[in-house]
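Understanding the architecture of this molecule
Here is how the chains run, residue by residue.
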Amino acid sequence: MPSIDTTAPPPGLEQEPGLPATLRVPATDDPAGWTAGARGALRSALVEHGAVLVRGLGLRDVEDVGTVLERLAVEPVTEREAFAPRRTHSPGVHSSSAWPPNQPMCMHHELSYTLGAPGLLLLACLSEPTAGGATGLADAAAVLDALPRELTERFEREGWLLTRSYNGEIGATLTEAFGTDDRDAVEGYCRSHAIDAAWQPDGTLRTTQRRSAVVRHPADGRRCWFNQIAFLNRWTLAPEVAEYLIDEYGADGLPFDTFYGDGEPLEEDVVRIINSVYEEHTVRRPWQAGDLLLVDNVRTAHSREAYEGPREVVVAMASPTRPESCAPAEEAGLR
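Just so we're clear, the structure is a prediction, and the values are computed from it rather than from any experiment.

1. Quick notes on the overall build of the protein
- For the protein, the helix and strand inventory stands at 10 helices and 21 strands.
- For the protein, the C-alpha radius of gyration of 19 Å lies close to 20 Å, the compact-globule estimate for 335 residues.
- On the principal axes, the C-alpha backbone points of the protein span a range of 60 × 40 × 35 Å.
- When contacts within the protein are restricted to residue pairs at least 6 apart in sequence, long-range pairs at least 24 apart make up 81% of them.
- Taking the average location of the 30 positive side-chain charges in the protein and that of its 51 negative ones, the two points are 3 Å from each other.

Below is the structure:
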């Protein structure tokens, strides 16, 4: 949110152990107008806490979310390279990623494998679930400090690899990920975004990209664990899902998988360590309809619990950013 001035934190901001910073606001018929008046205070709270839940704003529909995004005066992000399909409601405003309700989404930073990831996320709850479904939050700097040093040093030195296979059945389709199915356009995008692309004999696309795992926050330079190493790895999948995908597409044809930066497969215990450290640093509060959650996407990872019943949480992505890698690009072999 670089265009929002910093002011004193807003009054009424609550900070309790195990819960995200929460700002309770008086009921209003004009969420966008309230947001415009509170921009500076929201920015200050976001800088201090990395994420802020605004409760009482009373967001009712996607139009409310779009106008709130406009009043924050930030640049919307056009999503590319999505890992799962979602609907676009208006510029920068999307549905949640299509993901089975009975399967959790583990911690990740939105689009951290792209070269223009959103610096700011707005998550708005229009319909709360009957059980579960909370969005968890974890401080990326604290997670980095808590992970085994030899592990983070390797990832900082080598980066991480993401491989994807666009098979048209699981995950985002080629068109959903790149906005087109034109081969020349897809190849051009991949070349300009440091992605190696290879068309398979059956016409499907496989891609490989290497990215930084540890970055410096653009605002204050703090080192953050910023990636989707664990989330997009085969060991995080439910065992029955992983077994089906490997049987159907082969170990090299998974919709997505992650590796050490040198291409070596990740061990199951490494993925479990990453996810367990995330869980140790997770704060969460159940959604209520009308809530707005602002997330600094570099500073804070987020997750989603499994849930029951209707749950509609729309996502706005803004402030495209490219955090500085903590390892020199030439040294890490990253582009």
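2. Remarks on the side chain of glutamine 209
- Secondary-structure assignment places glutamine 209 in strand β12 (residues 205-211).
- Looking at glutamine 209, its side chain comes within polar contact range of the main-chain oxygen of tyrosine 113, at 2.9 Å.
- Residues within four places of glutamine 209 in sequence aside, it is in contact with Glu81, Tyr113, Trp160, Leu161, Leu162, Ala194 and Ile195.

3. Notes on the nonpolar core
- One finds Phe83, Leu123, Phe155, Trp225, Ile229, Ile274 and Tyr278 to be the most contacted residues of the largest nonpolar core, which totals 46 residues.
- Per-element accounting of this core gives the leading share, five residues, to helix α9 (residues 268-280).
- Apart from the residues lying within four places of it in its own chain, the contact partners of isoleucine 229 are Phe155, Trp160, Ala213, Thr258, Leu266 and Ile274.
- Core analysis: the next-biggest nonpolar cluster, separate from the first, contains 26 residues, Val25, Val54, Leu59 and Val74 among them.

4. Topic: the confidence of the model for the protein
- Confidence in the prediction for the protein averages 90 pLDDT; 94% of positions are at 70 or higher.
- Below pLDDT 50 for its whole length, residues 1-7 participates in 25 contacts with residues either more than four positions away or in separate chains.
- Low pLDDT, under 50, characterises residues 329-335; the predicted model gives this stretch 15 contacts beyond four residues in sequence or across chains.

5. Thoughts on the environment of glutamine 228
- Within the secondary structure, glutamine 228 is located in the loop between β14 (223-225) and α8 (239-249).
- A C-alpha to C-alpha distance of 9.1 Å links glutamine 228 and tryptophan 160, two positions 68 residues apart in sequence.
- Once residues lying within four places of it in the same chain are set aside, the contact partners of glutamine 228 are His108, His109, Glu110, Leu111, Ser112, Tyr113, Trp160 and Thr258.
- A distance of 3.3 Å separates a polar side-chain atom of glutamine 228 from the backbone nitrogen of leucine 111.

6. Here we look at the environment of leucine 53
- Among the secondary structure elements, leucine 53 is positioned in strand β3 (residues 51-55).
- We classify leucine 53 as buried; its relative accessible area is 5%.
- On a C-alpha basis, the gap between leucine 53 and proline 17 in space is 14 Å, while along the polypeptide they are 36 residues apart.

7. What to know about the packing of aromatic side chains
- Applying the stated rule across the entire model yields eight aromatic pairs.
- Seen in terms of ring centroids, phenylalanine 155 and tyrosine 260 are 5.2 Å apart; in terms of plane orientation they differ by 20°. Their pairing is stacked. Here the residue phenylalanine 155 occupies a position in helix α5 (residues 149-158), and tyrosine 260 occupies one in strand β15 (residues 256-260), the gap between them amounting to 105 residues. We note that phenylalanine 155, like tyrosine 260, is buried.
- Aromatic side chains phenylalanine 178 and tyrosine 189 sit 5.5 Å apart centroid to centroid with 75° between the ring planes, which places their arrangement in the edge-to-face category. Of this pair, phenylalanine 178 sits in helix α6 (residues 174-178) while tyrosine 189 is found in helix α7 (residues 183-192), placing the two residues 11 residues apart along the sequence. You'll find phenylalanine 178 and tyrosine 189 in the same group, each marked buried.
- An aromatic cluster is built from Phe83, Trp99, Phe231 and Phe256, whose rings are joined through pairwise contacts.
- The ring centre of tyrosine 260 lies 3.7 Å from the NZ or CZ of arginine 154, which sits over that ring.
- The ring of tyrosine 307 carries arginine 311 above its face, with NZ or CZ at 5.5 Å from the centroid.

Here is what the cut-offs are and how they apply
Residues numbered from 1 in each chain as written. Predicted model: local features only at pLDDT ≥ 70, side-chain atom pairs only at ≥ 80, totals over all residues. Heavy atoms only, no water. Helix = DSSP H or I, 4+ residues; strand = E, 2+ residues; numbered from the N terminus. Rg over C-alpha atoms; globule rule 2.2 N^0.38 Å. Contact = heavy atoms within 4.5 Å. Lys, Arg positive; Asp, Glu negative; His and termini not counted. Charge placed at Lys NZ, Arg CZ, Asp CG, Glu CD. Polar contact = N/O pair within 3.5 Å; in protein donor to acceptor, adjacent residues only side chain to side chain. Core = buried A, V, L, I, M, F, W, Y, C linked by side-chain atoms within 4.5 Å. Buried < 20%, exposed > 50% of the residue type's maximum accessible area, 1.4 Å probe, protein only. pLDDT = per-residue confidence, 0-100. Phe/Tyr/Trp six-rings, centres within 6.5 Å; stacked < 30°, edge-to-face > 60°. Lys NZ or Arg CZ within 6 Å of the ring centre and 35° of its normal.

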